[in-house]
Amino acid sequence: MKVGVVLGSKEATPLEFWVGVEEGRVLRLDDLVVVESSHPGLGTVRYFGVVDQVMKLYEGQAYHTDTFLAAENRIPVSLAYVAHVSVTRLIPDEYLPPDPGAPAFLAREEDLELALYYDSMKNQRGSTKLPVGLLKNGEVGYVNLEFLNGAKGGHVNISGISGVAAKTSYATFLLKSLLESGVQEAAHLVKALIFNVKGEDLFFLDKPNARLSEEERDRYAKLGLKPTPFSSVAFLAPPRKEEGALLPDLDTRKEGVRAYHWDLVQFCQRGLLPFLFTDRQAMTNLGFLIQHVTERLRRLSDGQKGPYLKVEDWEGDLPEPGFEDLGRVRIGTFADLVLYLEYKLLGPVAEGDKDQADPRWTARQAKGTREAFIRRLKASVENVAHLVRGDRPGNPPDPLQGEQVHVVDLAKLHPQAQMFVVGAILKDVFARKERGLYPGKVFIVLDELNKYAPRDEESPIKDVLLDIAERGRSLGVILIGAQQTASEVERRVVANAAIRVVGRLDAAEAERPEYGFLPSTFKKRAVILPQGAVILHQPELPVPLFLSFPFPAWATKKEEVLEDLSDEALRRELGL
């Protein structure tokens, strides 16, 4: 459909030009156009582009108030309707400007595929077009899967204001497409790990959404996806803090949720102590001592099966009487472990100024350093004692086994415990992928990246995330990270994301250099984006895409769960 011609009153270049829109035609932001222009000796060059600015104005008026006269047909004026087009592709690659007056058409079907490089999204095994939303014209928007799954690039970074940018909703929609669109090879081997950082909204991913309308179902059909919840999901939550309790600490969902924790031997053997020290000051002053004690604990636990830890060189006091186990003392709680470390690093109650610490544990560190280490460790007991315990065999989250999607709850944990859980799980997943113990891809969804990989601070968790960002894609570990402000996240983590997604942004944040991939008009639009819409940037396309995505087919809160009233469900409920 012809919509206008290339303007001669404004400069036309090989990379951008203006189109005058014909009367009765419409050209909107995000519309795709194609222009053909003949050049002597070169033949016809086709220019594909996206509209990123449109404007109307009266021509022939001298003063602002002439507008009132023109509206009453009292003076002659002409209405100019023009659109700015950013070129996405030229066929052939002859960088000449289009001629003024060249006709402009809306790009549909094959032309749209050429404009957005869909024709090049394939490999020797077939198409790599992954549906990621709907364009303004209702057509499906795609990204090249090879820039997401690690083949040519990897990682996704999503930015936006909490509550209106729908970061988590878009991340779960992206997972839905990855797992069920049929584009990802060996999708049955793909695992997804989602950290639930606020509320309990992600604990209903396996339940259909009662608010899903027919219109939204049609949008799923357009994308080639089923409007169904996730079919294989494991839900894990920390245990309640009550002594001896192993019940998941959740309010809205009781069934199908497992409590997770580490036993003391797992804590020592896996070297998880550093994840209790996450602030910059601790890592600066205590870093060497932390690493040394971690190694000592690893040696101490070597060969032990747990869940409790047995030691033979402790003569200190236990808060509860322990019992001898072949001449060794049993350490049954995290608090006991801290007391043991205090004994080894500071010694028993000193007589005078004599230092009675065990030199094998102190790493020749000053007494003040060791005291600071113990003070911080004691402060962590209240926060993590229910997560690291010796009364039951450990049951830490294992996203590489069992269900395809694992949701791990962090919402009610103290920030220190959140750091510990995220660090411990990611370290384990990455280490096993490094050793080649799991063949499939692993996608990790982590919100609040600014907390776990802050720009100006150091921590063990940040090191793990940097490792994933820089080496993860070659190992098949893909990070789908999200945050309110990318400017507060470590640059290397953001820069390694091949796919960048932006929801609604704060006006000041939109002007930060981290969003340099957005043209100025897109930055202005990011400030007013509605919920359910995002701007997506991918390496193969020189301009971002404005996309909308369907309402979640899975419940995002308990009130949205569509009750199953079938006989089969009733039998399941009654255990028949």
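Here we summarise the structure given alongside this text. (Residues numbered from 1 in each chain as written. Predicted model: local features only at pLDDT ≥ 70, side-chain atom pairs only at ≥ 80, totals over all residues. Heavy atoms only, no water.)

## Considering the overall build of the protein
- The number of helices and strands found in the protein is 16 helices and 25 strands.
- Projected onto its principal axes, the C-alpha coordinates of the protein cover approximately 100 × 65 × 55 Å.
- By the burial criterion, 54% of the 576 residues in the protein qualify as buried.
- Nonlocal contacts in the protein, meaning residues at least 24 apart in sequence, comprise 71% of its contacts between residues at least 6 apart.
- Across the protein, the 72 positively charged side chains and the 82 negatively charged ones have centroids separated by 2 Å. (Helix = DSSP H or I, 4+ residues; strand = E, 2+ residues; numbered from the N terminus. Buried < 20%, exposed > 50% of the residue type's maximum accessible area, 1.4 Å probe, protein only. Contact = heavy atoms within 4.5 Å. Lys, Arg positive; Asp, Glu negative; His and termini not counted. Charge placed at Lys NZ, Arg CZ, Asp CG, Glu CD.)

## Describing helix H3 (residues 167–180)
- An ideal rise of 1.5 Å per residue puts 20 Å on 14 residues; H3 measures up with 20 Å between its terminal C-alpha atoms.
- With 11 of its 14 residues buried, H3 lies for the most part within the structure.
- Along H3, the residues that are buried comprise Lys167, Tyr170, Ala171, Thr172, Phe173, Leu174, Leu175, Lys176, Ser177, Leu178 and Leu179. (Expected span 1.5 Å × (residues − 1).)

## Some remarks on the pairing of strand E21 (residues 442–446)
- With 5 of its 5 residues buried, E21 lies for the most part within the structure.
- Of the two faces of E21, both are covered, the one formed by Val442, Ile444 and Leu446 as well as the one formed by Phe443 and Val445.
- The sheet contact formed by strand E12 (residues 191–196) and E21 spans 4 bridges and is parallel. Across the sheet, the residue bridging to leucine 193 is isoleucine 444, located in E21.
- Direction of pairing for E21 relative to strand E22 (residues 477–483): parallel, over a ladder of 5 bridges. Paired with leucine 446 across the two strands is glycine 481, which belongs to E22. (Pairing = 2+ DSSP bridges.)

## Let's talk about the side chain of asparagine 137
- Looking at where asparagine 137 falls in the secondary structure, it is placed in the loop between strand E9 (129–134) and strand E10 (140–144).
- Within the local environment of asparagine 137, its side chain forms a polar contact with the backbone nitrogen of glutamate 139, the two atoms lying 2.9 Å apart.
- Contacts of asparagine 137, omitting those with residues within four sequence positions, involve Arg28, Arg108 and Leu112. (Polar contact = N/O pair within 3.5 Å; in protein donor to acceptor, adjacent residues only side chain to side chain.)

## Concerning the environment of valine 388
- Mapping valine 388 onto the fold places it in strand E19 (residues 388–389).
- Take valine 388: its relative accessible area is 1%, and that puts it in the buried class.
- For the pair valine 388 and glutamate 371, spaced 17 residues apart in sequence, the C-alpha to C-alpha distance is 22 Å.

## Comments concerning unusual backbone geometry
- Here the residue pair isoleucine 91 and proline 92 is connected by a cis peptide bond, since its omega of -5° sits within 30 degrees of zero.
- Secondary-structure assignment places proline 92 in the loop between strand E5 (78–91) and strand E6 (103–106).
- Here the phi dihedral of alanine 363 falls at roughly 55°; this positive angle occurs in a residue that is not glycine.
- Positionally, alanine 363 belongs in the loop between helix H8 (359–362) and helix H9 (367–384).

## Thoughts on the sheet that holds strand E1 (residues 2–6)
- Here we have 6 strands rolled up into a closed barrel, ordered E1-E2-E5-E4-E3-E6, and antiparallel in their pairing. Ignoring which end each strand starts from, the neighbouring axes of this sheet average 40° apart.
- Where strand E3 (residues 32–39) meets strand E4 (residues 43–59), 8 bridges bridge the pair, whose relative direction is antiparallel. Bridging from a neighbouring strand, leucine 32 pairs with valine 50 of E4. (Axes fitted to C-alpha atoms, helices over the stretch in contact; angles between N-to-C directions.)

## Some words on the pairing of strand E20 (residues 405–409)
- Counting buried residues in E20 gives 5 out of 5 residues, a clear majority hidden from the surface.
- A two-sided burial pattern is seen for E20, the buried positions comprising Val405, Val407 and Asp409 on one face and His406 and Val408 on the other.
- Direction of pairing for E12 relative to E20: parallel, over a ladder of 5 bridges. Bridging from a neighbouring strand, phenylalanine 195 pairs with valine 408 of E20.
- Taken together, the 4 bridges between strand E13 (residues 233–237) and E20 define a ladder with parallel strand orientation. Across the sheet, the residue bridging to leucine 236 is valine 408, located in E20.

## Considering the packing of helix H10 (residues 415–434) against helix H12 (residues 460–475)
- Contact geometry of H10 with H12 gives a least axis separation of 10 Å together with a crossing angle of 30°. Compared by their axis directions, H10 and H12 come out roughly parallel. The hand of the H10/H12 crossing is left-handed. For the pair formed by H10 and H12, the contact residues are Met419, Phe420, Val422, Gly423, Leu426, Lys427, Phe430, Lys433 and Glu434 on the first element and Ile461, Val464, Leu465, Asp467, Ile468, Arg471, Gly472 and Leu475 on the second. (Parallel < 35°, antiparallel > 145°, perpendicular 65-115°, else oblique. Left-handed = near helix turned anticlockwise from the far one by under 90°.)

## A closer look at the side chain of lysine 523
- Secondary-structure assignment places lysine 523 in helix H15 (residues 520–526).
- Look at lysine 523: it is buried, it has no salt bridge, and the nearest opposite charge is glutamate 511 at 4.6 Å.
- Here lysine 523 is in contact with Ala510, Glu511, Tyr515 and Leu518, once residues within four sequence places are set aside. (Salt bridge = Lys/Arg side-chain N within 4 Å of Asp/Glu carboxyl O.)

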